[in-house]
Structure formats: C-alpha cells, structure tokens
Amino acid sequence: MLKKILAWFSQPQKQKPFSKWENIPVGDLKKGEPYIDHLYNRVTDGYIIQNVLNETEVKELVSAFENLDAYKAVHFEKREGFINPRAFSQIQNENEFDFDLLNSYLNDAEWFAKFLKERLSFNIKEKLLDTLAKLQNNVPITIPNYSTGGTHKAFTFATYRFLKPDKGGMHIHCGSMFREIYPNFYKQLDKIINFDGQLSYFLMLQRPEKGGQLRLFDAEWKDYKKHFDGLGFVNDQEQVKAMNETIIQDIDPKPGDLLIFVGGDIWHEVTNPELGLPRITLGGFLAYSNKRDEIYVWS
Ligand SMILES: O=C(O)CCC(=O)C(=O)O
C-alpha cells in the first residue's frame, strides 16, 4: 500500500482549472439565486463565499478548539490529524449497524453543540445555517434527528478537522464513497435524504503557510468507484496510473471563507500541510430531502 501511495505522490500532475468556481463576498449573495441548485446541476462546481466569519470570530473558534483532541477526537487512520466530534462515518462497525455506536455519535453531537455554545460569544451553528439558507431561497436547512429511547437527538451539523503540519493531509475521497462503505448507516438516512449528488462544505479557520489546499482531481466518483478501498485510496495499479494522469485543480480559501462544492462526485484530497500552522476547518455535508423540500446538513 505504501508503495502505491508513494507512487501517487511521485507522479507529475497537471494543474488546470477544469472545474468552475465562483468567489462571492458574503454581502454580495443575490437574493433568490439558486446557488445550491447550480451545484446540483453542475452549472458551477464550487463557491467560495468570502468572509462569512470575521477575524475575531475565526480567532475565537481556533482558540476554543485548542486542546480539543483531549475530548472526543477520532484520529485519521495512517495520517496525523483528527476529526472532532466523531463523524457519522466513523460509527459503523464492520458490516453491522451498531446502535451503541450510533448512540455515542448522537451523544458526542450533543456534547459538541453544548461545547460551541459555552465557548463562543456568537452562535456558529446559526451563523452557518443562516448563510447556507441564503444559497437556496425558500428551502429550509435542517439537521437530521434520530429517535432513541423516546427522545430525539440531533446529528452534528459540522465536525472540526485538524491536520498536523507535514503529516500527509487528508486522503483522496469523495462524499458518495461513504455510502458504499457504510451502507447500513446510510440505510437509516435513506428514508429521508437523497444522497445523489450530495455536496460538501467547510469553513476555513486556519491555513498552513504552504500546502494544505483542497485538491480536486478531474475524476468523477462514478468513473472511478470500482477501485477504491475502504480508505479511499485507489487500490489498482492501472487506476493509480489513470488518476495520476488526470488534471488537478487546487483551491485555497482564506480563513473566514465558506467553501461549498460538489464533493460527493468529484474525487478530492487535502494536500499535505507542508509548513507552518496546522490546517483547521469546520465542515460537513449537504443534500436534498427525498421530497426535495428541505436541505439536510450533517457530518
Ligand atoms: O474539511 C476539509 O478541509 C475537507 C473537506 C472535504 O474533503 C470534504 O468535505 O469532503
């Protein structure tokens, strides 16, 4: 496996803006413009909504999260970094749907919501959901709930992602992949959410001096889905070659920016944060409800 990963990084890759992106200062969002539908329809592949958070809010979030790994962090396999609280995709055990793990995910989500409320002088969840609501007029943004033991518990709307300098970044993946890896978990959500074309979002909180970009591969989920293993690395020499020959595009938002893109369908990674501070983001996923009358946000 290590050889394949090294082979991947040693291949020359060609930078070319193959996907369509728009930068929009948050104050310039047009009322009624169906930004989210533009992503679904691939009119655009991604938006950087600039300055959603101001400098003070970014600083507050970064310092609130200091020492967060001491709590409920789930560390990435093989690379150094962590997600906090645990993401839904980290709750499944082998092929079984594990209700105890689901319960601990829901408890962690509750803990995280409380943690954010106590540590911050502003309501980050409200701020984020309000901004997302501006991206698709008249469609409510909702966080999924799960009923356990007679009580409704909410999923987490976001997870905090911390990548240590020079420890590899985030491996190649796309959002649609998780559905194949964790079918039992998704079966629970399939009742309410249509995952086809699901989107990814994140708020950039801290950037390294060098590296740590969101790297898109000119490769769609459907064309490469046959060959991934559980970690998202391609596991077939031929595909490694094919993907190394694909064109890449690096996206580098600034702290305070909200990035939203077709992360369900475009293969992407976060490149190694080579130098300077750790890379820190707060993000999750979005998708329409089955009835297309709500947009769900979870992580
Ligand atoms: O939080 C990040 O920087 C990575 C986002 C990502 O890869 C995703 O949402 O699929």
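Attention in this report is confined to the structure presented alongside it. (Residues numbered from 1 in each chain as written. Predicted model: local features only at pLDDT ≥ 70, side-chain atom pairs only at ≥ 80, totals over all residues.)

Look at Asp-166: it is not a glycine, yet its phi comes out positive at around 55°. With respect to the helices and strands, Asp-166 occurs in the loop between β9 (159–163) and β10 (170–173). Its 15 C-beta neighbours within 10 Å are what place Asp-166 among the partly exposed residues. We note that Arg-292 has phi near 60°; this positive angle belongs to a residue other than glycine. Of note, Arg-292 is situated in the loop between β18 (279–288) and β19 (295–298). Accessibility expressed as a C-beta count within 10 Å gives 10 for Arg-292, which makes it exposed. (Helix = DSSP H or I, 4+ residues; strand = E, 2+ residues; numbered from the N terminus. Buried ≥ 20, exposed ≤ 12 C-beta atoms within 10 Å, placed from the backbone.)

If you check the shell around the ligand, you find Arg-161, Met-170, Gly-175, Ser-200, Phe-202, Gly-263, His-268, Val-270, Thr-281 and Gly-283 and nothing else. Of all the elements in the fold, those that place two or more residues in the shell around the ligand are β11 (199–206), β16 (266–270) and β18. A breakdown of the residues in the shell around the ligand according to their chemical character gives three nonpolar, six polar and one charged. (Near = placed C-beta within 6 Å. Nonpolar A, V, L, I, M, F, W, Y, C, P; charged D, E, K, R; others polar.)

Membership of the largest hydrophobic core comes to 68 residues, with the highest contact counts inside it found for Leu-199, Leu-203, Leu-259, Ile-260, Trp-267, Leu-286 and Val-297. Sequence-distant contacts of Trp-267, defined by excluding residues within four places in its chain, comprise Ile-172, Cys-174, Phe-217, Ala-219, Trp-221 and Tyr-224. (Core = buried A, V, L, I, M, F, W, Y, C linked by C-beta atoms within 7 Å. Contact = placed C-beta atoms within 7 Å.)

Attention shifts here to the sheet that holds strand β1 (residues 14–15). Backbone hydrogen bonds hold the strands of a sheet together, and the pairing may be parallel or antiparallel. Across the sheet, five strands lie side by side as β1-β14-β13-β16-β10; this open sheet has mixed pairing. At either margin of the open sheet sits one strand with a lone partner, and together these are β1 and β10. Bridging between strand β13 (residues 214–220) and strand β14 (residues 247–251) involves four bridges; their strand directions are antiparallel. Counted as the bridge partner of Leu-214 is Ile-251 from β14. (Pairing = 2+ DSSP bridges.)

The next subject is helix α5 (residues 124–133). Among all positions in α5, only Ile-124, Leu-128 and Leu-132 are buried. For α5, the buried positions fall inside an angular range of 65° around the axis, keeping them on one side. Seen from the buried face of α5, the exposed residues on the opposite side, beyond 90 degrees, are Glu-126 and Asp-130. Buried residues belonging to α5 abut α3 (55–64), α4 (99–119), β6 (141–142), β11 and β19. (Arc of directions from axis to C-beta.)

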